[in-house]
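So the chains spell out like this:
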Amino acid sequence: MKKYVYVGMAVCASAILAACGDNNEEASGTNNSDVVELSFWASANPDRDDFKLTMDRVEQFNNEHDDIQLNIETTPHADYRTRLNTQAAGGQLPDIFQVWPGTELEPLVDGNAVGSINNILDNWTGNGLLDEEAIADFTFDGETYAIPSVQNPTSFVYYNVDMLNDLGYDEFPTTYDEFKELISDLKEDEVTPIALGNSASWVLQSVYISTIADRFTGNDFIPQVLAGEKSFTDDEFVEALGVIDELVEIGAFNEDLNTIDDNQMIEYFLQERSAMVIDGNWGAISILTNKPEDMNVGIAPFPLGDTATISTVYGNAWSLNADLEGEKREAAETFLQWMFSEDFYQELIGVNRVVAADVEMPGDAELEPLFLDMLELSRQSPPAPVYDAVLPQAVNNVLQNELQAITIGRSTPEEAAQNIQNAVNTQ
């Protein structure tokens, strides 16, 4: 199989805490003085099967290791990054924690907050389970700082097949002009064309502009911008921002797009309040888990340009605190090696995740047609960079703010491009 591929603080519910481990003798099965306790933070998506699988695996680890106790705290996905960065700044990170690749991980590396795992890396690379591509965005100056579980194509159009059929569309549009015609036809039928939840502002960046802009600029644009060879004010990027502006102008989205989040936009779509929703591969899990049994959902790439690239990044990765040493470091390494096994990657495929590892498709898995179609689209589509994995955080923050400003008419594509470039110039 081709490799594929992620606070208003909330700790995990009492049931999960009980499963993940109490700190008493009865839960651990041994005297507390003999137990190495590790704190572990994860981004929570409790309605998704892959998150449930992860929690079940942690429970299994605790049950199988009387001498190690993982104590989990989860934070809602939309708030996790804020909590992580805030606690990192104060030097108060847990023993094990979920991280994002590239420029989001780099400040933690530079701040000596995460520890290298090169001493155990051969556990995955030595047997071909992970290759250099899978760990590249988690590696700096030859040192690797996290192990990813999945590969995340971040931009697919999920559509209600029956709603499109009722309008005479037997196939999904293959050109941008045809796509705009579909939006117009849905508007005339008094149906919201696309559900969008951008309250956390990352959706328009990661799901939309990372793919849309690549169709205009090509894969090398961001490195060239950061090297001073190109600019966000170049025509091709301004045109990409213009697509977002145009979609807003023609009424493609729900009016409350900036007050609902990415989970709510999926609910909006599943309630048939919209004909489409654009989301990453993780959206397929929510759709397959929660859709009505008779709902027929199709999947397609965003129809724009001559090359059907899809922004893609490895993710759902975990790092170790740089301060871990002795028996705590040894226990944390034991957990990573146990957790990120061939069995785990195959179980992730079974819950419709595109995995980071080179593993066989599980023979007994009953995979959904939507998931198989997503795998095929991922196989056919050249990858494009996800902006928040390659841009400096300060620049990405401006990009996200400007995309949101475009949706409410407070910025034009030209103004937004200039403001984003200004952020680059101050780096």
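It should be noted that the structure appears before, not after, this text.
As a starting point, this report considers the structure included with it. Source: prediction; values computed, not measured.

**Quick look at the pairing of strand β7 (residues 156-160)**
Thought 1: A large share of β7 lies buried, amounting to 5 of its 5 residues.
Thought 2: As paired elements, β7 and strand β9 (residues 274-279) share 4 bridges and run antiparallel to each other. Residue pairing for β9: phenylalanine 156 is matched across the bridge by aspartate 279.
Thought 3: The pairing of β7 with strand β10 (residues 297-300) spans 4 bridges and is antiparallel. Directly across from tyrosine 159, in β10, lies its bridge partner glycine 298.

**Description of a negative patch on the surface**
Thought 1: A contiguous patch of negative charge on the surface is contributed by Asp162, Asp166, Glu188, Asp189, Glu190, Glu272, Glu293 and Asp294.
Thought 2: Tracing the backbone shows aspartate 166 in helix α8 (residues 161-166).
Thought 3: Taking the relative accessible area as the measure of exposure, aspartate 166 reaches 67% and is therefore exposed.

**Overview of the sheet that holds strand β12 (residues 317-320)**
Thought 1: Spatial strand order, β2-β1-β3-β12: 4 strands in an open sheet with mixed pairing. Of all strands in the sheet, those with a lone pairing partner are β2 (68-76) and β12, marking the two edges. Strand-to-strand, the axes of this sheet are offset by a mean angle of 30°, without reference to chain direction.
Thought 2: Across the sheet, helix α3 (residues 49-64) is in contact with β1 (36-44), β2 and β12; its angle to β2 comes to roughly 160°.

**Brief notes about the sheet that holds β10**
Thought 1: In space, the 4 strands of this open sheet follow the order β8-β9-β7-β10, with mixed pairing throughout. On the outer flanks of this sheet lie β8 (192-195) and β10, each paired with one strand and no other. Geometrically, the sheet is characterised by an average inter-axis angle of 25° between neighbouring strands, direction not taken into account.
Thought 2: Here β8 pairs with β9 via 3 bridges, running parallel. Among the inter-strand pairings, alanine 195 is bridged to a residue of β9, identified as valine 277.

**Quick word on helix α12 (residues 235-249)**
Thought 1: Taking 1.5 Å per residue as the helical rise, α12 with its 15 residues ought to reach 21 Å, and the 20 Å between its terminal C-alpha atoms agrees with that figure.
Thought 2: Along α12, the residues that are buried comprise Phe237, Val238, Ala240, Leu241, Val243, Ile244 and Leu247.
Thought 3: Against the buried residues of α12 lie α9 (176-188), α10 (202-217), α11 (221-226), α18 (387-390), α19 (393-407) and α20 (413-425).
Thought 4: Just past α12, the residue glycine 251 takes up positive phi, approximately 75°.

What counts, and where the lines are drawn
Residues numbered from 1 in each chain as written. Predicted model: local features only at pLDDT ≥ 70, side-chain atom pairs only at ≥ 80, totals over all residues. Heavy atoms only, no water. Buried < 20%, exposed > 50% of the residue type's maximum accessible area, 1.4 Å probe, protein only. Helix = DSSP H or I, 4+ residues; strand = E, 2+ residues; numbered from the N terminus. Pairing = 2+ DSSP bridges. Patch = residues over 30% accessible without salt bridge, like charges linked within 9 Å, V, L, I, M, F, W, Y side chains within 5 Å. Areas by Shrake-Rupley, 256 points an atom, 1.4 Å probe, with all protein chains shown as cover. Salt bridge = Lys/Arg side-chain N within 4 Å of Asp/Glu carboxyl O. Lys, Arg positive; Asp, Glu negative; His and termini not counted. Charge placed at Lys NZ, Arg CZ, Asp CG, Glu CD. Axes fitted to C-alpha atoms, helices over the stretch in contact; angles between N-to-C directions. Contact = heavy atoms within 4.5 Å. Expected span 1.5 Å × (residues − 1).

Purely geometric stuff here, so don't read any function into it on its own.
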